[in-house]
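What follows is the residue order along each chain.
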Amino acid sequence: MSMMYTFGAFVGRKSASAFFPSQKSVTTSCSNVFTSTRGRLFSSKEEVNPGKVEGTDLMIVEYPHPSLRAENVEVTEEELKDGSIAKLSKEMFKIMYAAEGVGLAAPQVGVNKRLMVYNPTGNSKKWLEEVTMVNPKIVTYSEGVDRATEGCLSFPNMSGDVTRSRWIKVEAMNLKGKKIKKKFTDWEARVFQHEYDHLEGTVYIDRLDDDDKSNVKPVLEELIEKFGEGGKL
Ligand code: ZN
């Protein structure tokens, strides 16, 4: 039904028209970079929760799992030194690729730590594109925004339009504890913002407009029925 990479794929682009609380002002954007460079992400496919993946005991948790709303703690220096975070990020990449995703945040595998992994290409062969962000922070949001359709593996069978900053400046650490400062634009900025939301206990459903929210409501209710109460929006 929806198009899905971990956080989902774009099925369309619209000019921004909604005010967005985390951004100061809204300007419209019409760039079409994704269509040329990210064509693959438009391909229609059912999202798949791969369940148990070889090489890890971790699994993707789905709404309303409380881990999606719990506080995520900072990764410690010790965890970086003892290799446990390197191991965790490796396992997260395995799950992400098995799910045909482009990004995954630790709370999505039930680990409430401030860690995210992504590969903007979604292609495991392009491992040079892999990014691991430890304790990331978004320090600047562009005023210009884009609106595009997102989905999320923790919310199967649904999607909706989300407005996000076109570019962001971020600070984080890599697995060696080295400080990273970067600016991300367009697709990578969107992936980052989606995963960063997870670290804040926010999910893209929170950012949908009323129409999209009512569209996904029946699916959310089915999930609640399947998994029980515990992660109400
Ligand atoms: Zn997500």
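Now for a description of the structure that goes with this document. Since we're looking at a predicted model, the values are computed, not measured.

## Structural notes on the overall build of the chain
- A tally of regular secondary structure across the chain gives 5 helices and 8 strands.
- Put simply, the chain runs from its N terminus to its C terminus through helices and strands in the order β-α-α-α-β-β-β-β-β-β-β-α-α.
- With 233 residues in all, the chain has 52% of them scored as buried.
- Of the roughly 11100 Å² of accessible surface on the chain, a fraction of 50% belongs to carbon and sulfur atoms.

## A short note on the sheet that holds strand β3 (residues 115–118)
- If you trace the 5 strands from one edge of the open sheet to the other, you get β2-β3-β4-β7-β8, paired in antiparallel fashion. Either end of the sheet is taken by a strand with one partner, and the two such strands are β2 (103–105) and β8 (179–185). Adjacent strand axes in the sheet meet at a mean angle of 40° when their direction is disregarded.
- Where strand β7 (residues 167–173) meets β8, 7 bridges bridge the pair, whose relative direction is antiparallel. Following the sheet pairing, Ile168 is matched in β8 by Phe184.
- Against the sheet, helix α3 (residues 84–98) contacts β2, β3 and β4 (131–141), and its axis sits at roughly 45° relative to β3.
- The sheet strands contacting helix α4 (residues 186–199) are β2, β3, β4, β7 and β8, and the helix crosses β4 at an angle near 100°.

## Considerations on the nonpolar core
- In this structure, Ile85, Leu88, Met92, Ile95, Leu104, Val109 and Leu115 are the most contacted members of the largest nonpolar core, which totals 21 residues.
- Looking at this core, the elements with two or more residues in it are α3 and β3.
- By residue number, the principal contributor to this core is α3, which donates 7 residues.
- Setting aside anything within four residues of it in sequence, one finds Ile95 in contact with Pro50, Val53, Thr56, Leu58, Met59, Ile60, Leu104 and Val109.
- Val170, Ala172, Val191 and Tyr196 belong to the second-largest nonpolar core, a separate cluster that totals 18 residues.

## Overview of the pattern of salt bridges
- Tallied over the full model, the rule gives 14 salt bridges.
- For Glu79, the salt bridge is made with Lys113, and the minimal N-O distance between the two is 2.6 Å. One end of the pair, Glu79, is in helix α2 (residues 77–81); the other, Lys113, is in the loop between β2 and β3, and 34 residues separate them in sequence.
- Glu79 gets classed as buried once you look at its relative accessible area, which sits at 15%.
- We note a salt bridge from Asp197 to Arg207, for which the minimum N-O separation is 2.7 Å.

## Describing unusual backbone geometry
- Cis geometry is adopted by the peptide bond preceding Pro64, which originates at Tyr63 and carries an omega value of 5°.
- Note that Pro64 resides in the loop between α1 (33–37) and α2.
- Not every positive phi belongs to a glycine, and Asn157 is a case in point at roughly 65°.
- Position of Asn157 relative to the elements: it lies in strand β6 (residues 155–165).
- On the accessibility criterion, Asn157 (33% relative accessible area) is partly exposed.
- Even without being a glycine, Asp186 presents a positive backbone phi close to 45°.

Definitions and limits used
- Residues numbered from 1 in each chain as written.
- Predicted model: local features only at pLDDT ≥ 70, side-chain atom pairs only at ≥ 80, totals over all residues.
- Heavy atoms only, no water.
- Helix = DSSP H or I, 4+ residues; strand = E, 2+ residues; numbered from the N terminus.
- Buried < 20%, exposed > 50% of the residue type's maximum accessible area, 1.4 Å probe, protein only.
- Areas by Shrake-Rupley, 256 points an atom, 1.4 Å probe, with all protein chains shown as cover.
- Pairing = 2+ DSSP bridges.
- Axes fitted to C-alpha atoms, helices over the stretch in contact; angles between N-to-C directions.
- Contact = heavy atoms within 4.5 Å.
- Core = buried A, V, L, I, M, F, W, Y, C linked by side-chain atoms within 4.5 Å.
- Salt bridge = Lys/Arg side-chain N within 4 Å of Asp/Glu carboxyl O.

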